[in-house]
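Geometric and topological summary
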Amino acid sequence: LAGAMAGFSTRTKNEGLMFLTSVFAVRLAITAVTKERTGGASQWLFFPLGLLPMLVTVSYLKLWLAPFEDPLLTQGWQAIAKLGDLSRYLQVWQAFQWEPGSFRNWVVPLALAFYALLMGKSAESKERQAVGTAAGALLLVLIGYFLVYVVTPWDLDWYVKTSQARLLMQLWPSIVFVFFVIVRAPDEAAGMTRQQSFPGFGRS
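The paragraphs below set out a description of the structure included in this document. Bear in mind that the values here come from a model prediction, so they are computed numbers and not experimental data.

Analysis parameters
Residues numbered from 1 in each chain as written. Predicted model: local features only at pLDDT ≥ 70, side-chain atom pairs only at ≥ 80, totals over all residues. Heavy atoms only, no water. Axes fitted to C-alpha atoms, helices over the stretch in contact; angles between N-to-C directions. Helix = DSSP H or I, 4+ residues; strand = E, 2+ residues; numbered from the N terminus. Parallel < 35°, antiparallel > 145°, perpendicular 65-115°, else oblique. Left-handed = near helix turned anticlockwise from the far one by under 90°. Contact = heavy atoms within 4.5 Å. Salt bridge = Lys/Arg side-chain N within 4 Å of Asp/Glu carboxyl O. Phe/Tyr/Trp six-rings, centres within 6.5 Å; stacked < 30°, edge-to-face > 60°. Core = buried A, V, L, I, M, F, W, Y, C linked by side-chain atoms within 4.5 Å. Buried < 20%, exposed > 50% of the residue type's maximum accessible area, 1.4 Å probe, protein only.

Time to look at the packing of helix H6 (residues 107–119) against helix H8 (residues 156–182). The N-to-C vectors of H6 and H8 enclose an angle of 15°; their axes lie 11 Å apart at closest approach. With respect to their mutual orientation, H6 and H8 come out roughly parallel. When the axes of H6 and H8 are compared, the crossing they make is left-handed. Between H6 and H8, the contacting residues are Val-108, Leu-112, Tyr-115 and Ala-116 on the first element and Trp-172, Phe-179 and Phe-180 on the second.

Counted by the stated rule, this structure contains 2 salt bridges. For Arg-166, the salt bridge goes to Glu-15, with nearest N and O atoms at 2.6 Å. Of this pair, Arg-166 sits in helix H8 while Glu-15 sits in helix H2 (residues 13–34), and the two are 151 residues apart along the sequence. The partner of Lys-161 in a salt bridge is Asp-157, and the shortest N-O contact between them spans 3.6 Å. Placement of the pair is Lys-161 and Asp-157 together in helix H8, with a separation of 4 residues, close to one helical turn.

To describe a pair of aromatic rings, you give the distance between the ring centres and the angle between the ring planes. Counting across every chain of the model gives 9 aromatic pairs. With 6.2 Å between their ring centres and 25° between their planes, Trp-158 and Tyr-159 make a pair best called stacked. By the ring-pair criterion, three or more aromatic residues cluster together here, those being Tyr-149, Trp-154, Trp-158 and Tyr-159.

Before going further, it helps to spend a moment on the nonpolar core. If you look at the biggest cluster of nonpolar residues, it comprises 19 residues, and the most contacted ones within it are Val-92, Phe-96, Tyr-145 and Tyr-149. Of all the secondary-structure elements, those providing two or more residues to this core are helix H5 (86–98), helix H7 (128–151) and H8. No other element matches the 8 residues that H7 contributes to this core. Those residues in contact with Tyr-145 that lie beyond four places of it in its chain are Glu-15, Met-18, Phe-96, Leu-167, Gln-170 and Leu-171. Ala-6, Val-23, Phe-47 and Leu-51 belong to the second-largest nonpolar core, a separate cluster that totals 6 residues.

Taken by themselves, the reported measurements are silent on function.
Take a look at the structure:
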């Protein structure tokens, strides 16, 4: 199921392919660092199987049905030169900092930060690697977006202003989900047990 959902994301233009690559890279790194044994073989078997049907259709679309040459991928040395231009990094960073689409007033991020300080981190650790995969993949995608802006062949100011809000909105639901998995729930912060939170839970 996780592989199938990741496969569906590849239909979200090229950003979906970046997301899929990020999930693979982060999960592989976490598995290697933690030397995970439980479910290690099965996850690398079943995830690609779930991914395969959608990956086949996307490959057919990109390679045969509607092939195209992306100017972003055909710049060659020009892209390398842009990676060495610090002014482009600064321009993209300022855009991310002061023009983050619908979040430009920073009310929502500040409210979430205050909630995290108030509630604290969740004590649950059994899903730590899964949460790490999700958070790491989102971070890697954001870094990818940043670097794509740096090397873009189009006017940088125009490109950022016309695409940034859409890109961030694609990640926002996942960011919120991971945030509330990491941060304690109000009943957990108050020291309540599951039975206290849900009095009828577990009764026959």
